[in-house]
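Structure assessment
Spelled out, the chains give:
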Amino acid sequence: MPFIVVSKNFVPAYKRAYYLLQKDNYMNYFQKITFVISFLFCTLSVYAQHHQHKIQVTGKIISTDEKEAVAFATVYLKGTSYGTTTNNNGIYNFEAPSGHYTLVVSAIGYKTVEKPVKIAPEQENRFDTHIASEITQLNEVVVLANGVTRIKESPYNAVAVDARSLQNTTKTLSEALAQLPGMKLRESGGVGSDTQIMLDGFSGKYVKVFIDGVPQEGVGHSFSINNIPINFAERIEVYKGVTPVGFGTDALGGVINIVTHKNRREWFLDTSYSFGSFNTHKSYINFGQTLKNGFMYEVNAFQNYSDNDYHIHTYVTQFHDNGTTTTDENKIERVKRFNDTYHNEAIAGKIGLVDKKFADRLVLGFTYANVYKEIQTGVRQEIVFGGKHRKGHSFMPSLEYRKRNFFTEGLDVNLTINYNHNLTQNTDTVSYKYNWYGERKYTGSPGEQSHQDNESKNVNWNGTFRATYRLGDKHVLTLNHVLTAQKRNSRSYVNSKSLLSDFSIPKETRKNIGGLSYRFTPAEKWNLSVFGKYYNQYSAGPVSLSLDGIGSYEKRNKKVSTLGYGAAGAYFILRDLQVKTSYERAYRLPSTDELFGDEDLEAGKVNLKPERSDNLNLNVNYTRRFDKHMFYVEGSLIYRDTKDYIRRGISKYGSTYYGSYENHGNVETKGYNLSLRYTYSHWFSLGGTYNSMDVRDREKYLAKETLQTNLHYNARIPNQPYCFANLDASFYLHDLFVEGNVLSVTYDSYYQLEFPLNWENIGDPSTKKRVPEQFSHNMGLTYSLKNGRYNLSFECKNLTDEALYDNYSLQKAGRAFYGKVRVYFGH
């Protein structure tokens, strides 16, 4: 059934829907749900077609500095869904009801402008607006709907999520990324669980996370992307494969940059609270203001709590009265998780000056975060813990300075300095073995996995300097340097020794990554960038002298340095058809955990070499607007040829499973993304992505000097999703019951093809352990009152109660319900 029908079809559609839903033998459960969703959109669309009495609003957006039209600027009425983007001539047109509003104009690369407007019939409602430039990494975006945007003039393969459109949901920053092409989240459980972000076949350390251009390496578990609410950000930028020198990073897979609110705002207050399944509570508050004299302050605070006591399906080890245990792996039972409570709290404050002669922005920031997490399982679901847990806290002061036209016209500088002091304590002291009933058996020796009560103190320094020099309208030079220093000291409160490390030896890492780029823009139709990067790393820490890599630790150090380079270009073949291509010889330096372990579940390997990769991207995108309709289609080809690939595996020492790392020769990645989207005015949006990644072992010999054949040659790299897709649809019903109120109905789904845990070319395929195929569905309903001041939301996640897995045997939560209340005050 189509999503949009005309009025004359409403009655026949209604009768047909009633008839089909009565026939149990005609539709199964899933089909009925899908039919009801479609029918709901049909019904709402009929209402929408009879409720479109609006007034035409128009205007032109002009840059203050260049006195030129600003294309692809976002223009909307604050607190409503009325808005659009400007065309190539800076002109915008949209319809809205009469009344008093605040018109908001924003564009990446410019400061956001807000001004009061009155829309009235029988008059020309034209509002021309001037906006000023600001320092930024990106140029212009085009809003595609549902918050997804394509960075148009940037030569890099990059997209962005407008977080503002998701602020009434209960999503975290990591969950918001899932709708982007090539993105896949791999969660090990519920709220606060360990999460890996996969981007075009790369995950973990290959994808670097930044907040406002500052790297987040070493910040700890208390302030990570999987527990920060979506309200914290204004937008999230994603650079795929080839990354600009401005980030100064060694990311092979790409960069995720969380951009917070920086535009000048009068007093505001944004607060929300949500409650849902598994005793999940989330709250958020953000308030602040900028005074006329340029003094600003802002406070962000949030908390997350969940028991995570959802049901899973697994076999259970039986404890008998005579002290024996038995296990029947063929008997699968439905049991509840019982040692998985999670909570974290964070508060971030900023104070400073903006728009001064000596600084566009001079801000001092402070962040404190706390976390507590019970650990239910190890790397496999068959491993059950009942008392093991982790806790920690971090304190992060920061300084930010930005100045446009620094001493001379065209020179912009940006300097940030961050200090991060965090403590993490891993505790495993109980003398019991647990099963999935929550029963326990006394073992006589402390420690469920390994006896420990260890504290790790991490001290991290980061300094980022960026200078951009504009030579006229066609030439831009960018110089960037990032210094990162990390030191970790550990100690034991039970005088025990870690199986995987030596607490008496500190772990140190220093990175210097510099870059220089030149961008040439001879015309609006095309531009070209070339760049070079310098990588340098010093590492020191405990190294095992044993053949098996466990025990007998001694302090060793290692130095490495190398050069990388690349180029990127973009060209508009037609006004709406653009092609982009980029190449980079990139390097990724081994992380501290990969080199020296994490004192808990990971073992280090100090002789790891930096990964070297030749990254190539090709992207074609087409956008077509006519009247109230917009179509968007995009396709990307991805190629990565990676040498000395660092692969994480699972090893076993005695009865202990742990993560281990190794350089795995040559790995080749070939893949593609497809994205489609259709929007109708501000009423309806439908879109999705399809992703296919083929990552294979191209190392022919285990040891080239012996010519011993590698049995995995040409085989797919195991334990990685390689085919997945997503779909979303949204419908907006404006002025429902009262003018200025909006009802939003959203639906999204996710599909993942099964993939093997181990090498697929070894052994009998029928006995292979696999992460199963899965198809999940989510629905949401939001009612916004008084132009967005008050907002009520209801969500159902995993609507059909599927058994979902991102990692082998680690089952995620089933069907869950959440409600959220959000209130916004301010100008």
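Criteria and cut-off values
Residues numbered from 1 in each chain as written. Predicted model: local features only at pLDDT ≥ 70, side-chain atom pairs only at ≥ 80, totals over all residues. Heavy atoms only, no water. Helix = DSSP H or I, 4+ residues; strand = E, 2+ residues; numbered from the N terminus. Buried < 20%, exposed > 50% of the residue type's maximum accessible area, 1.4 Å probe, protein only. Contact = heavy atoms within 4.5 Å. Areas by Shrake-Rupley, 256 points an atom, 1.4 Å probe, with all protein chains shown as cover. Core = buried A, V, L, I, M, F, W, Y, C linked by side-chain atoms within 4.5 Å. Pairing = 2+ DSSP bridges. Axes fitted to C-alpha atoms, helices over the stretch in contact; angles between N-to-C directions. Salt bridge = Lys/Arg side-chain N within 4 Å of Asp/Glu carboxyl O. Phe/Tyr/Trp six-rings, centres within 6.5 Å; stacked < 30°, edge-to-face > 60°. Lys NZ or Arg CZ within 6 Å of the ring centre and 35° of its normal. Polar contact = N/O pair within 3.5 Å; in protein donor to acceptor, adjacent residues only side chain to side chain. pLDDT = per-residue confidence, 0-100.

**Brief notes about the overall build of the chain**
Helix and strand content of the chain: four helices and 52 strands. Within the chain, the fraction of its 827 residues that count as buried is 57%. In the chain, 65% of the contacts between residues at least 6 apart in sequence involve partners at least 24 apart. When the accessible area of the chain is evaluated, it comes to approximately 35100 Å², of which 55% is carbon and sulfur surface.

**Examining the nonpolar core**
Counting 30 residues, the largest nonpolar core has Leu-173, Leu-177, Met-183, Phe-223, Ile-236, Val-238 and Ile-256 as the members making the most contacts within it. Elements with a contribution of two residues or more to this core: strand E10 (158-162), helix H3 (173-176), strand E11 (183-187), strand E12 (195-199), strand E13 (207-211), strand E15 (235-240) and strand E16 (254-259). Not counting residues within four places of it along the chain, the set of residues in contact with Ile-236 comprises Val-159, Ala-160, Val-161, Leu-173, Ala-176, Leu-177, Ile-230, Ile-256, Asn-257 and Ile-258.

**Considerations on the sheet that holds strand E7 (residues 129-131)**
Pairing is mixed across the open sheet formed by three strands, whose spatial order is E4-E1-E7. Each edge of the open sheet carries a strand with a single partner, namely strand E4 (91-96) and E7. Here the strands of the sheet are splayed against their neighbours by 30° on average, with no regard to which way each runs. Where strand E1 (residues 55-63) and E7 come together, three bridges link them in parallel fashion. Among the inter-strand pairings, Ile-62 is bridged to a residue of E7, identified as His-130.

**Considerations on unusual backbone geometry**
Apart from glycine, the bulk of residues carry a negative phi angle, and the bulk of peptide bonds sit in the trans form. Backbone geometry at Phe-407 places phi at a positive 65°, although glycine is not the residue there. Here Phe-407 shows up in the loop between strand E26 (389-403) and strand E27 (411-428). With a phi close to 55°, Asp-644 is a non-glycine residue in the positive phi region. Within the secondary structure, Asp-644 is located in the loop between strand E37 (629-643) and strand E38 (646-653).

**Some details on the sheet that holds strand E2 (residues 74-77)**
Pairing is antiparallel in the open sheet, where four strands are placed in the order E3-E2-E5-E6. Both outer strands of the open sheet, strand E3 (83-85) and strand E6 (113-119), are each paired with one neighbouring strand and no more. Going across the sheet, the axis of each strand differs from the next one's by a mean of 20°, ignoring polarity. Relative to E3, E2 runs antiparallel, the two being bridged by three bridges. Bridging from a neighbouring strand, Tyr-76 pairs with Gly-83 of E3.

**A short note on the pattern of salt bridges**
Inspection of the entire model under this criterion finds 35 salt bridges. One salt bridge in this structure joins Glu-584 and Lys-533, with 2.9 Å as the shortest N-O distance. Of this pair, Glu-584 sits in strand E35 (residues 577-588) while Lys-533 sits in strand E33 (residues 526-544), and the two are 51 residues apart along the sequence. Each member of the pair, Glu-584 as well as Lys-533, is classed as buried. Close ionic contact of Arg-585 with Asp-614 constitutes a salt bridge, the shortest N to O distance being 2.7 Å. Of this pair, Arg-585 sits in strand E35 while Asp-614 is found in strand E36 (residues 611-626), placing the two residues 29 residues apart along the sequence. Asp-614 sits in the buried class, given a relative accessible area of 17%. Linked through salt bridges whose partners overlap, the residues forming this network are Lys-184, Glu-187, Asp-806 and Lys-812.

**Notes on the packing of aromatic side chains**
This model, assessed by the stated rule, comprises 26 aromatic pairs. Members of the aromatic cluster, each reached through a chain of ring pairs, are Tyr-156, Phe-210, Tyr-239, Phe-247 and Phe-531. Sitting above the plane of the Tyr-432 ring, Arg-440 keeps its charged end 3.9 Å from the centroid. Over the aromatic face of Tyr-206 sits the side chain of Arg-588, whose NZ or CZ is 4.6 Å from the ring centroid.

**Quick look at the side chain of Ser-539**
In this fold, Ser-539 is placed in strand E33. Setting aside residues no more than four positions away along its own chain, Ser-539 makes contact with Glu-508, Thr-509, Arg-556, Asn-557, Lys-558, Leu-595 and Phe-596.

**Quick look at the environment of Arg-716**
Among the secondary structure elements, Arg-716 is positioned in the loop between strand E43 (708-709) and strand E44 (723-734). Distance in space between the C-alpha atoms of Arg-716 and Trp-759 is 7.1 Å, their sequence separation being 43 residues. Residues within four places of Arg-716 in sequence aside, it is in contact with Met-693, Asp-694, Val-695, Arg-696, Tyr-722, Trp-759 and Glu-760. Engagement of the side chain of Arg-716 in a polar contact is seen with the side chain of Asp-694, the distance being 3.1 Å.

**As for the pairing of strand E49 (residues 790-797)**
The pairing of strand E48 (residues 774-785) with E49 spans seven bridges and is classified as antiparallel. Bridge pairing in E49 links Leu-781 to Phe-794. Counting the residues in the hairpin turn of E48 and E49 gives four residues, including Lys-786, whose phi is positive at 50°. Pairing geometry for E49 and strand E52 (residues 816-826), over eight bridges, is antiparallel. When the sheet's bridge partners are listed, Glu-795 is paired in E52 with Tyr-818.

**Overview of the pairing of strand E41 (residues 684-697)**
Extensive coverage of E41 is indicated by the burial of 11 of its 14 residues. The pairing of strand E40 (residues 666-680) with E41 spans 14 bridges and is antiparallel. Bridge assignment links Tyr-680 to a residue of E41, and that residue is Phe-684. A loop of three residues connects E40 with E41, the two strands running antiparallel in sequence, and Ser-681 in this loop sits at a positive phi of about 50°.

**Observations concerning the confidence of the model for the chain**
In the predicted model, the chain carries a mean pLDDT of 83, and the fraction of residues at 70 or more is 86%. The element-level mean pLDDT for the chain is lowest in strand E8 (residues 141-143), coming to 38, with E49 highest at 96. Segment residues 1-52 is flagged for pLDDT under 50; beyond a separation of four residues in sequence, or across chains, it makes 70 contacts in the model. Taken together, the stretch residues 135-150 has pLDDT below 50 and engages in 81 contacts with residues farther than four places along the chain or on a different chain.

**Some thoughts on the environment of Tyr-690**
By the element assignment, Tyr-690 lies in strand E41. Judged by its relative accessible area of 32%, Tyr-690 is partly exposed. Once the C-alpha coordinates of Tyr-690 and Asn-726 are considered, the two residues, 36 residues apart in sequence, prove to be 6.7 Å apart. Among residues more than four places away in sequence, those in contact with Tyr-690 are Tyr-672, Asn-673, Leu-674, Cys-723, Phe-724 and Ala-725.

**Digging into the environment of Asn-666**
Inspection of the secondary structure assignment puts Asn-666 in strand E40. You can call Asn-666 buried: its relative accessible area is 13%. A C-alpha to C-alpha distance of 9.4 Å links Asn-666 and Ser-613, two positions 53 residues apart in sequence. The contact partners of Asn-666, leaving out residues within four places of it in the chain, are Asp-641, Thr-642, Lys-643, Arg-696, Asp-697, Arg-698 and Glu-699.

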